[in-house]
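Each chain, letter by letter, is given below.
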Amino acid sequence: MRSVTDRGKLSGRPGSAWAADRHGVDFLDGADDSSRVPLLAPVLARVTVATVFFGICLFAFLVAANQQSLWPSVQAAVYLLILLTLQVFYFSRPGTPLRAPLTYAVVAVQAYLVFVPQEQFGAAWVSMPTLLAGTVLLVLPPALAVAIAATILFLIGRAEFLLSGNLIDAIYTTVGSTGAALEVFGLTRLAGLITDLHAARSELGRAAVAKERTRFARDLHDLLGLSLATIGPKGALARRLVDSDPDRARAELAEILTVSRHALADVRLIASGYREMSLHEESRTVESLLAASNVDVRMELNHGELPAHIRSVLVAVLRAGVANVLDHTSVARCEIAMRQSGRTVTLDIVDDGVSGRCEIAPGESEGFDVLTDRVRALGGGLAVGPDPDGRFGLHLTIPVSGDDAEQKAESDEIEQVPRRATLLATGLMNSVFVIFFISAMLHLTLLTRAPEVLAVTAVCLGSLVALQLFYVSKPGRRFTAPLKYAVIGAQAILVYLPWMLFPHVWISVPGMLAGTMLFLLRPVWGWLGFFAVVASVPIAQSGFHGELIDIVYNVGATVITGFVTYGLTWMAKAVSELRAARHELAQAAVAEERMRFARDLHDLLGLSLSAITLKTELAQRLMKVDPARARTELMEIVGISRLALADVRLVASGYRDLSLNEESRSAESVLAAADVDVRMDLHYGELPVEVRTVLATVLREGVTNVLRHSKGAHCEISVRQHDNMVVLEIVNDGVGTAETGPGGGSGIRNLSDRVAGVGGKLTAGLDPDGTFRLRALVPA
């Protein structure tokens, strides 16, 4: 901000470092509530910009009125009123399309009003083009805007030099105008970025959930894919061997039982959290599976410590490769070698089962395509197919890196807007506060060349700016009550010490102290402190500024500087807190998705794996007494394993639309296979997909609970619709103790959450007659 010198023209004064913006300041307590930031930012920015522009226009009018007669003064007032109206009600209005044709017309009007009246009003109008420079930076393409703004600032400095003949005064005017233009542009753009940042606050959460779902799919495929892929071929083989080789069939059934129980344990493991993938542990597992399938396996592991994301990919490829081997019964020998050479890891899985494997088997291509994409994202390569030596091979090469490049690239893309906002806030504060310092020192050299005055003032001003920049305005800084008063006291000393030592040439930035008070103290005390600092300016300067216009000018400059200091500090804090809030929202979204995933995994796969286990045990008992039925059960085991593999993919992609009719038939079949006498009573109409899916899930989990815990022989399942309510009940006569205690087990808790999600209620417990009843009441 410029003040009036004794020559009656614009010049720098104490508190002359000033700024403007349309989005920047929070005058309310509780500004750290990030949910209010987007509402406050545009409003406070408009207030700040209006204050700055009003101050510039008022100062120009006072100088013009002091130099001109009545009619030219009225003309000046009209011109300034139009400029102020355009800025406050057009450029500072939220949602204004700043590059629309109308905007360029308004800029042209602004250019006319800041340049043409200069010839008439002289010194009063020298700094008015500053308003245009800030507007140009907002509305024009960056390269053109910078060139035009630099030209405008050069013209301002040139006009000042022609009027005063003083090079330091011209430099001082140019520096102050540069700061003002940066403030108009920077704070306006920063407020827009804050609003955009808040509008996109869930973007990071959506991206995090999408990545988490990808992890779900990978982990499910890695942990359960191999087990489920093993059950199908073994079931088919056992079915063929029931008559010709019963002992071998029993051995295959024992393997299926072991694998299904292991898979069921994995379901609980994944549902409760992720396990760290150990290459050595997984190597032993696949070696055991291959040996159990009568495959002669040779294993070689030679590698050092690897990052988690590299281990994850290696385990996934290892399991996929071994699953491919197990799918082909012609394989007799398999060699697996994992080696590390420098910063590269290789994995080779080679077997002798080439017959019929010139291409990837149907259904396997998708899995290998996903793995190939994962490997390529890490800079590696994956090849699957016949080798030149006549064997079939899977060959992986992957560089060892400390970061997951794919996730880093996604994160970089998502964080572009927050990063721009942070850089703008930091850069703007650095620039504006440094300009405060330079402007004040240039102004001081216009008043005195005494070395002791210059040295003491430079130290005090430099310390004041450093304290503000690196402590008070640093995002994330937390202040206790004593610390607040200590900081304010330190700033007060740095502001007023030069005045006590050199009262005749006091130059400082008292507005910075005023802004700090407004920022750190509660509203009432903050405003009292703000006005106390402003009131101190005319008292301190009354000894060496005799003209009233000079004192008014410096008071106004202090007010503007205080608002700008507060606005910059608040907006930098707002950006920091919004970024933190985005990450908190993302973490909450991921946590919710993990709960959804664990619940669906338990609900959808638990029954399938329990059914495989039960049917395998039944087939073992039936092999001697009823081989035909044993073959039927084995055929169903193969079908269920394929369905479970499909469910693995469905769980990772989101809620599955379950059919209540299909689940009812499946439940009846599974219970009958477990020698449970089941009665079904289904009477309901057309139901919404969400309701149907929830009821099907309750039915599935309820039947799983019966199979897992019940020792009874009878089960009744009913679904009845009464008006706008649907009731599902599962009653059995032999209850275990696993889920009857307070709160039930994890399955019952999951179902309660699901039913509550559609406005229903779930109850589970013992009836007076000793039966166990699971009841879901859901709005239709």
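This text follows the structure it describes.
On a predicted model such as this, the values are computed, not experimentally measured, just so you know.

Caption draft 1: Focus on the sheet that holds strand β5 (residues 344-351). Reading across the sheet, the 5 strands line up as β3-β4-β5-β7-β6 and stay open at both edges, with mixed pairing between neighbours. Each edge of the sheet is formed by a strand with only one pairing partner; in this case those strands are β3 (296-302) and β6 (381-386). With direction set aside, neighbouring strand axes in the sheet form an average angle of 5°. Bridge analysis of strand β4 (residues 333-341) against β5 gives 8 bridges, and the strand direction is antiparallel. Following the sheet pairing, S341 is matched in β5 by T344. Where helix α10 (residues 279-292) meets the sheet, its contacts fall on β3 and β4, and the angle it forms with β3 comes to roughly 170°. Strands β4, β5, β6 and β7 (392-399) of the sheet are contacted by helix α11 (residues 308-326), whose axis makes an angle of about 10° with β5.

Caption draft 2: Structural detail: the nonpolar core. Ranked by size, the top nonpolar core spans 100 residues in total, and within it M128, L190, F433 and L568 carry the most contacts. Counting 60 residues, the second largest nonpolar core, distinct from the first, contains A263, L306, V322 and V331.

Caption draft 3: Representation of the pattern of salt bridges in the model. Counting across every chain of the model gives 14 salt bridges. Taking the shortest distance from any N to any O, the salt bridge between D348 and R339 comes out at 3.9 Å. Given a relative accessible area of 35%, R339 falls into the partly exposed group. One salt bridge connects R679 with E716, and the closest N-O pair in it is separated by 3.6 Å. Residue R679 is found in strand β8 (residues 677-683), and its partner E716 is found in strand β9 (residues 714-722); the two are separated by 37 residues along the sequence. Owing to a relative accessible area of 43%, E716 belongs among the partly exposed residues under this scheme. What you see here is one network of salt bridges that share partners, running through R298, E335, D389 and R391.

Caption draft 4: Quick peek at the environment of G379. Relative to the elements of secondary structure, G379 occurs in the loop between α12 (365-377) and β6. Of the residues examined, G379 reaches a relative accessible area of 56% and is grouped as exposed. Sequence separation between G379 and I398 is 19 residues; the distance between their C-alpha atoms is 6.5 Å.

Caption draft 5: Layout of the environment of T372. Relative to the helices and strands, T372 is located in helix α12. T372 sits 24 residues away from L396 along the chain, and the two C-alpha atoms are 9.3 Å apart.

Caption draft 6: Quick look at the sheet that holds strand β10 (residues 725-732). Strand order in the open sheet formed by 5 strands is β8-β9-β10-β12-β11, with mixed pairing between adjacent strands. Of all strands in the sheet, those bounded by a partner on one side alone are β8 and β11 (761-766). For this sheet, the mean angle separating the axes of adjacent strands, direction not counted, is 10°. Inspection of the sheet shows β9 paired to β10 by 8 bridges, in the antiparallel sense. In the strand pairing of β10, I717 is matched with I730.

Caption draft 7: Quick peek at the pairing of β11. Two elements, β11 and strand β12 (residues 772-779), share 6 bridges in a ladder whose sense is antiparallel. Among the inter-strand pairings, G765 is bridged to a residue of β12, identified as R773. Count of turn residues in the β11/β12 antiparallel hairpin: 5 residues, of which G770 carries a positive phi of about 95°.

Caption draft 8: Structural detail: the packing of aromatic side chains. Tallied over the full model, the rule gives 13 aromatic pairs. Aromatic pair Y496 and W506: ring centres 5.8 Å apart, planes at 20°, arrangement stacked. Of this pair, Y496 sits in helix α16 (residues 481-501) while W506 sits in the loop between α16 and α17 (510-520), and the two are 10 residues apart along the sequence. Accessibility classification places Y496 together with W506 in one group, the buried group. Taken together, a centroid distance of 6.4 Å and an interplanar angle of 80° make the contact between W527 and F563 edge-to-face. A residue pair is termed long-range when its members are at least 10 positions apart, and W527 in helix α18 (residues 523-541) and F563 in helix α19 (residues 548-625) qualify at 36 residues.

About the criteria used
- Residues numbered from 1 in each chain as written.
- Predicted model: local features only at pLDDT ≥ 70, side-chain atom pairs only at ≥ 80, totals over all residues.
- Heavy atoms only, no water.
- Pairing = 2+ DSSP bridges.
- Helix = DSSP H or I, 4+ residues; strand = E, 2+ residues; numbered from the N terminus.
- Axes fitted to C-alpha atoms, helices over the stretch in contact; angles between N-to-C directions.
- Contact = heavy atoms within 4.5 Å.
- Core = buried A, V, L, I, M, F, W, Y, C linked by side-chain atoms within 4.5 Å.
- Buried < 20%, exposed > 50% of the residue type's maximum accessible area, 1.4 Å probe, protein only.
- Salt bridge = Lys/Arg side-chain N within 4 Å of Asp/Glu carboxyl O.
- Phe/Tyr/Trp six-rings, centres within 6.5 Å; stacked < 30°, edge-to-face > 60°.

It is worth stressing that arrangement in space is one thing and function is another; only the former is reported here.
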